[in-house]
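Chains, contacts and geometry: an overview
As a plain string of letters, each chain reads:
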Amino acid sequence: MTNDCHSEESRHLQAYGGKNMRDKKNTRINRITKKAASLILAGLMATSLPACGSGSADTTEPGTSRAPIDHTKTARNLVKQAEEGAVTDSSESTKQGDYTTDGASVPGGQAANMKELEQMKTTFSSENGLLNIEVDAPVLIPECDAYPILSVSRGTIDDALLKKAKELLLGDTRLYDGVRLLSPDIEAALSRGEEPDPMWKIKGQVPYSEIGKYPVEVRLSGVSELSKDYSDVEEFSDYYESLMKDGDLFYGVTDGKDGTYANLCVTNSRRYGSSLKYFKSKDYNVHSGLVLPGLNIYSWPVGEGKDYLYNEAKNPTMPIGLPSKVTEIKMENGETQYVGDGKVDPDFTGCTTTDSETETNNLTRDEAVRQAEELLQRLGLQKDYALAASMDEYFTDPQHITSEKDADGKYGYEFLVGRAWHLVFQRGVNGNLVENYGEKYTYRGEKKIWSGEVIEVFVNDNGIIGLAVSDPLNVEEVVVENGKLLSFEEIRKIYEESQLEALNQSTSFDSILSVSAEDAEKAGEGKFTFKVDQVSLRYVLISEKNEYERGLLVPVWSFEGVCYDTHDNVYAKGSFLQINAVDGTVYNAEIGY
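Residues numbered from 1 in each chain as written. Predicted model: local features only at pLDDT ≥ 70, side-chain atom pairs only at ≥ 80, totals over all residues. Heavy atoms only, no water.

Turning next to the overall build of the chain. If you tally the helices and strands in the chain, you get eight helices and 25 strands. When burial is assessed residue by residue, the chain has 56% of its 593 residues classed as buried. In the chain, the share of contacts with a sequence separation of at least 24, taken over all contacts with a separation of at least 6, comes to 74%. Accessible area of the chain: about 24900 Å², with a carbon and sulfur share of 45%. (Helix = DSSP H or I, 4+ residues; strand = E, 2+ residues; numbered from the N terminus. Buried < 20%, exposed > 50% of the residue type's maximum accessible area, 1.4 Å probe, protein only. Contact = heavy atoms within 4.5 Å. Areas by Shrake-Rupley, 256 points an atom, 1.4 Å probe, with all protein chains shown as cover.)

Right, let's get into the nonpolar core. In terms of nonpolar packing, the biggest core is built from 62 residues, with Tyr495, Phe509, Phe530, Val535, Leu553, Trp557 and Phe559 touching the most fellow members. Of all elements in the fold, only strand 3 (114–125), strand 4 (131–142), strand 5 (149–154), strand 22 (473–480), helix 7 (488–504), strand 23 (528–542), strand 24 (550–564) and strand 25 (570–580) reach the threshold of two or more residues within this core. Among the elements that take part in this core, strand 23 stands out by supplying nine residues, more than any other. The residues contacting valine 535, other than those within four sequence positions of it, are Met120, Ala137, Pro138, Val139, Leu140, Phe488, Trp557, Ser558 and Phe559. Ranked by size, the runner-up nonpolar core spans 33 residues in total, among them Leu220, Tyr385, Ile455 and Ile464. (Core = buried A, V, L, I, M, F, W, Y, C linked by side-chain atoms within 4.5 Å.)

With that out of the way, let us pick up the pattern of salt bridges. The final tally for this structure, using the stated rule, is 16 salt bridges. Glutamate 118 is paired through a salt bridge with arginine 492; the nearest N and O atoms lie 2.6 Å apart. Of the two residues, glutamate 118 is situated in strand 3 and arginine 492 in helix 7; the sequence distance between them amounts to 374 residues. Looking at glutamate 118, the relative accessible area reads 24%, which means it is partly exposed. (Salt bridge = Lys/Arg side-chain N within 4 Å of Asp/Glu carboxyl O.)

Turning to helix 2 (residues 159–170), a few remarks are in order. For an α-helix, 3.6 residues make a turn, and residues three or four places apart therefore share a direction. Relative to the 16 Å expected for twelve residues at 1.5 Å per residue, helix 2 spans 16 Å between its end C-alpha atoms, a close match to the ideal helical length. Residues of helix 2 that are buried include every one of Leu161, Leu162, Ala165, Lys166, Leu169 and Leu170, and no others. Projected down its long axis, helix 2 carries its buried residues within an arc of 135 degrees, all on one side. Looking at the packing, one finds that the buried side of helix 2 touches strand 8 (248–253), strand 9 (261–269), strand 10 (273–281), helix 6 (365–378) and strand 21 (463–470). Once helix 2 finishes, glycine 171 follows within two positions and takes phi at roughly 60 degrees, a positive value. (Expected span 1.5 Å × (residues − 1). Arc of directions from axis to C-beta.)

With that out of the way, let us pick up the pairing of strand 4. Here strand 4 lies mainly inside the structure; ten of its twelve residues are buried. The pairing of strand 3 with strand 4 spans eleven bridges and is antiparallel. Bridge pairing in strand 4 links threonine 123 to glutamate 134. By the bridge criterion, seven bridges tie strand 4 to strand 23 in an arrangement that is parallel. If you follow glutamate 134 over to strand 23, its bridge partner there is lysine 531. (Pairing = 2+ DSSP bridges.)

The geometry of an aromatic ring pair comes down to the distance between the two centres and the angle between the two planes. Enumeration over the complete set of coordinates arrives at 19 aromatic pairs. On the basis of an interplanar angle of 75 degrees and a centroid distance of 6.1 Å, the ring pair of phenylalanine 124 and tyrosine 495 is categorised as edge-to-face. Of this pair, phenylalanine 124 sits in strand 3 while tyrosine 495 is found in helix 7, placing the two residues 371 residues apart along the sequence. On the basis of relative accessibility, which here comes to 17%, the residue phenylalanine 124 falls in the buried class. For tyrosine 495, a relative accessible area of 0% puts it in the buried group. Relative to phenylalanine 576, the ring of phenylalanine 530 has its centre 5.1 Å away and its plane inclined at 85 degrees; by these criteria the two rings are edge-to-face. Linking phenylalanine 530 in strand 23 with phenylalanine 576 in strand 25, this pair joins segments that are 46 residues apart in sequence. Accessibility assignment for this pair places phenylalanine 530 and phenylalanine 576 in one class, buried. Ring-pair connections join several aromatic residues into one group, and the members of that group are Phe509, Phe528, Phe530, Tyr571 and Phe576. (Phe/Tyr/Trp six-rings, centres within 6.5 Å; stacked < 30°, edge-to-face > 60°.)

Another aspect to go through is the environment of leucine 467. Summarising the element assignment, leucine 467 is placed in strand 21. A residue is classified by how much of its surface remains accessible, and leucine 467, at 0% relative accessible area, is buried. For the pair leucine 467 and leucine 295, spaced 172 residues apart in the sequence, the C-alpha separation amounts to 7.7 Å. Setting aside anything within four residues of it in sequence, one finds leucine 467 in contact with Leu169, Leu276, Lys277, Tyr278, Leu295, Leu375, Leu379, Ile455, Glu456 and Val457.

Most peptide bonds take the trans form, and the phi angle of most residues other than glycine is negative. In this structure, asparagine 430 takes a positive phi of about 50 degrees despite not being glycine. On the secondary structure map, asparagine 430 appears in the loop between strand 16 (411–429) and strand 17 (432–433). With phi around 60 degrees, serine 511 is a residue other than glycine that occupies positive phi space. Looking at the secondary structure, you find serine 511 in the loop between helix 7 and helix 8 (517–522). Judged by its relative accessible area of 28%, serine 511 is partly exposed.

Moving on to the environment of lysine 330. Tracing the backbone through its elements, the reader meets lysine 330 in strand 12 (residues 324–330). The contacts of lysine 330, once residues within four sequence positions are left out, are Glu335 and Thr336.

Now for the side chain of aspartate 177. With respect to the element layout, aspartate 177 can be found in strand 6 (residues 176–177). A residue is classified by how much of its surface remains accessible, and aspartate 177, at 6% relative accessible area, is buried. Setting aside its immediate chain neighbours within four residues, aspartate 177 contacts Ile211, Tyr214, Val216, Tyr230 and Tyr251.

Written out as structure tokens, the structure reads:
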């Protein structure tokens, strides 16, 4: 089961929540893996991004057609309001709230301490009674002396960072051509004698035992320039060229002869962003040659338990699909397709986990943070980023599922589970963390994605085992030294007027306000209760429509909590609404403005 390609239908981002409202795909570190953190978001959880096809077929922006877009909210107007004071009514200006302290500005990316401005308490419901909001939350603001607005542009990973990462993480270890490497699940299937699937596109690829024949130089190369070198590799033209022909690529792996597998991958794509990824393990030879940022592993908090990945009671929307009984169907063109019947294969016996004996984690949090910060410092990155979350997590590589059938035809999935500290670093703007609540994208013409900047480090008893530097930003200038913000009383009013409609226009609760309680009950749908337990001031990237190269870092108020269904089961976690602290407009996280 390879994760190298996702269909367009796999998109689960929500227009307002910024993360998947159904808590789907709590997995890959692509921008994010988004997980829980006390003063950050209720989750830095991973989301699926489309990575297949040319991206030119669709002409609509799904999930955004009903969004209340304010087309006057240009960067110029926003900067003017930040300088002169936010205006929510043409006849009345609102004074700046008491958000600042007498302290000095916070140096570098160091995160400021949060203080409680007040305790917000309120309850309200939709007229049909299907959406109920309960707010009992501290209102948290950073202790800093100014709220600057920064002009930023999309950055890339350069050769200098690639070579420095290679030196610090792998030393003199030789690297080989990861583009030619068979993915682990396909190699395992072939080794069991299975017939190759025509969809695998494995022509020109080799098993791990042969990768030592293909050494590579540690440098970035243009994908279009590499096409002649990989004319015999079916996946190169089918994957890299189709997705990032105008981009840069480096993908190196170790030969594993010392008992450790490692890979280092960099992609720069105008359509999909830029990332540097590193992973090493004594258990997994992870296939990381993905265009999308983030490590190709699944991870989840230790507190959720080792079986969280496949336990439907704990995680109703499991990222690992259970095998279905399939039927062979002959198409008119002669091709064969296999269609699942929607029921779990009766020969499937279930899932189990085995603890890794090598990927153990007995480190203290402080020691893990020390190692991660030392790495970022030596990479020249620490001054711009602050530690946003630290989580003790399980992780596994889904491409190494044991699923061989026994003599009776029975089989199961066995996950080898390791453990590590997952440390998330985000950019700091005068001590304010820049939060990634979603992504900006378009399906008009060439697909383009502008996702959030994040650095993630995995540390355990083996040292630094994982690093993801995703979608770096270039800070161009400080366009406003200290932005004038709306008072929180005004923000509270906007929140109460906007939350229900924002949920109504999100994918998970699409047009729920127009459904009667009786019809909802007949359809098997129930009521939802949103318990907002934290309100905090964060920064986000705001850009203008159809602008993918430049934007502004601007403060927003985030309303975060947990959504429960009729049966009191957790239906969603995260940020349910973000409001621009300068002009009071609702920030649409999915489209970026």
